[in-house]
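Coordinate analysis (summary)
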Amino acid sequence: MTYETVIGLEIHVQLSTQSKAFCSDSIQFGSAPNTQVSAISLGHPGTLPRLNKQQLDYAVRLALALGSKINLRNTFDRKNYFYADLPKGYQITQDAQPICVGGEIEVIVEGKPKKIRIHHIHMEEDAGKSMHDSDDPYSYIDLNRAGTPLLEIVTEPDLRSAAEVDALMTTMRQLVRYLNISDGNMQEGSMRCDCNVSIRPLGADYYGNRCEVKNLNSMRYARKAIQYEVQRQIKIVEAGGTVAQQTLNFDPSTGVTTPLRSKEDAHDYRYFPEPDLPPIVLTEEQVAAIKKEMPALPKEVRQQLITEYQLSEYNTDLLTAEPEPARFFLALAKATTSYDAAANLMINKILPWSKEEGKPLTALPLSYTQLAEFIALIEEGKVSNSIAYQELFPAMLNAPEQSAASLAQVNNWLQSDDEDEMNSWVETAITAFPDKVKAYQSGKKGLIGFFMGEVMKVSKGKADPKKVNQLLRNRLG
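Every residue gets a number counted from 1 within its own chain, in the order that chain's sequence is written. Where local features are concerned, this predicted model is filtered to residues with pLDDT of at least 70; where side-chain atom pairs are given and counted, the filter is 80 or more; whole-chain, interface and lining totals use all residues. To get the side-chain values, take all heavy atoms of the structure and skip hydrogens and water.

Compared with an ideal rise of 1.5 Å per residue, which puts twelve residues at 16 Å, helix 15 (residues 465-476) spans 16 Å between its outermost C-alpha atoms and is within 8% of the ideal. Whether two residues are in contact is decided by their heavy atoms: any pair within 4.5 Å suffices. The secondary structure listing takes helices from DSSP runs of H or I that are at least 4 residues long and strands from runs of E that are at least 2 residues long, numbered from the N terminus. Along its buried surface, helix 15 packs onto helix 12 (419-431), helix 13 (434-441) and helix 14 (448-458). One less than the residue count of a helix, multiplied by 1.5 Å, gives the span that helix is expected to have.

Right under this line is the structure:
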């Protein structure tokens, strides 16, 4: 029998606020264990939570981006369960009335678009972090993360493969970065997902028992976990068994899922309204104000680069994968009209510089005006493309106080328009290779590229390629 994989995701997005969801503790990543805690985040008796307004604003921002219905009146609930990294013994979350319901997000899988429906999005706080993998026999708890503001995005079971999960997580990470609500760094736990995986006979209209694979913070691990879990469930069904509804852990070292506990239903958590937080009541005016301040979404920026700036889809995809390069390009495009050249400069020199130096694009020591001047020197034929990229650009980085034109002048990189000088370079290149001249004249016209290269060597890149090409053809003809 052929089986269909059915997957729904619970995506946890850690928000880039300054403080925790219900108290003022910092959420800075990488601090020493248990240094970003207080009486409130530790759940001491008598302490009271208070809402982080920025968490609410970010939730509205994401809802608007996904086309979700925003519940102007929404409430918090207590989700009760015991675990060592949950100091209060319960989690403040949203159950009965979440911040928003519905919506969708479009992903591209193997070149084809697919829309994934959103069931709902709710606000909640994170638990702490348990560490069980040290060499000694003890487990350790770091409560710095306890209380960190989260948005949980629950999808409908619309995904059918690990590739679609990968595409959705990649697209969602891109979106939250463009919205500037999260850094989306999976390796730091800022974005992770629980995968609800089930199988059913191909063509069936019912769902099988699902198993939830918890806390996958790497797409590589998510793919492996899904692939293993699908095969495990198929083997059980093929053997005449029934897949037990369970919560599973995935071990990256073995590639195997193992049971943690039976899958809980809502009543197992004993949800009830959070007595210490009043309902949130939003107005249409507040939502409109947040919408007005929304940055451009990835799809909008992508369309702008293709239609307004006439960039290729390939270059557009490279420049819009992250918000920083897209914003840098749009700023650079205000200083030059040579948009393709600007895109090529970013892709071939500026982005590699940022990666090699480990610095953001905003740290580039060159202004948009200087970059536009650099592009103009190439476009106007004053400096060859190879000299510009190999010599001039590094020189500009080393001497950002000087203009591109002055550096080209001082270093003798400006292309020559002296016809006698160019004829001399052409003659030198041709005289050195009489056999190749005969081969060219015998019909091997592709050798024109060889002679072009030799002329550029002789001229040290100063020869105008267009003029040299014509002189070579005339001389060899």
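Our next topic: the environment of Ala408. Within the secondary structure layout, Ala408 lies in helix 11 (residues 404-410). The class for Ala408 is buried, based on a relative accessible area of 1%. Linking Ala408 and Lys359, residues 49 residues apart in sequence, is a C-alpha distance of 27 Å. Categorising residues by exposure relies on relative accessible area from a 1.4 Å probe, with only protein chains included: less than 20% of the type maximum marks a residue as buried, more than 50% marks it as exposed, and the intermediate range marks it as partly exposed.

Backbone geometry places Asn180, a non-glycine residue, at a positive phi of 60°. With respect to the helices and strands, Asn180 occurs in the loop between helix 2 (162-178) and strand 12 (191-201). Located in the positive-phi region is Gln310, a residue other than glycine, with phi close to 60°. With respect to the helices, strands and loops of the structure, Gln310 is situated in the loop between helix 5 (298-307) and helix 6 (313-320). The class of Gln310 is exposed, set by a relative accessible area of 57%.

Before going further, it helps to spend a moment on the nonpolar core. The tendency in soluble globular proteins is for nonpolar side chains to be buried side by side. Residues Leu9, Ile11, Leu62, Val165, Leu168, Met169 and Leu175 are the most contacted members of the largest nonpolar core, which totals 67 residues. When residues no more than four places from it in sequence are discounted, the contact partners of Val165 are Ile7, Leu9, Leu159, Cys195, Met219 and Ile226. If you look at the next biggest cluster of nonpolar residues, it comprises 41 residues, including Val301, Leu319, Phe328 and Ala395. Buried Ala, Val, Leu, Ile, Met, Phe, Trp, Tyr and Cys residues that are joined via side-chain atoms within 4.5 Å together make up what is termed a nonpolar core.

Keep in mind these numbers describe shape, not what the thing actually does.
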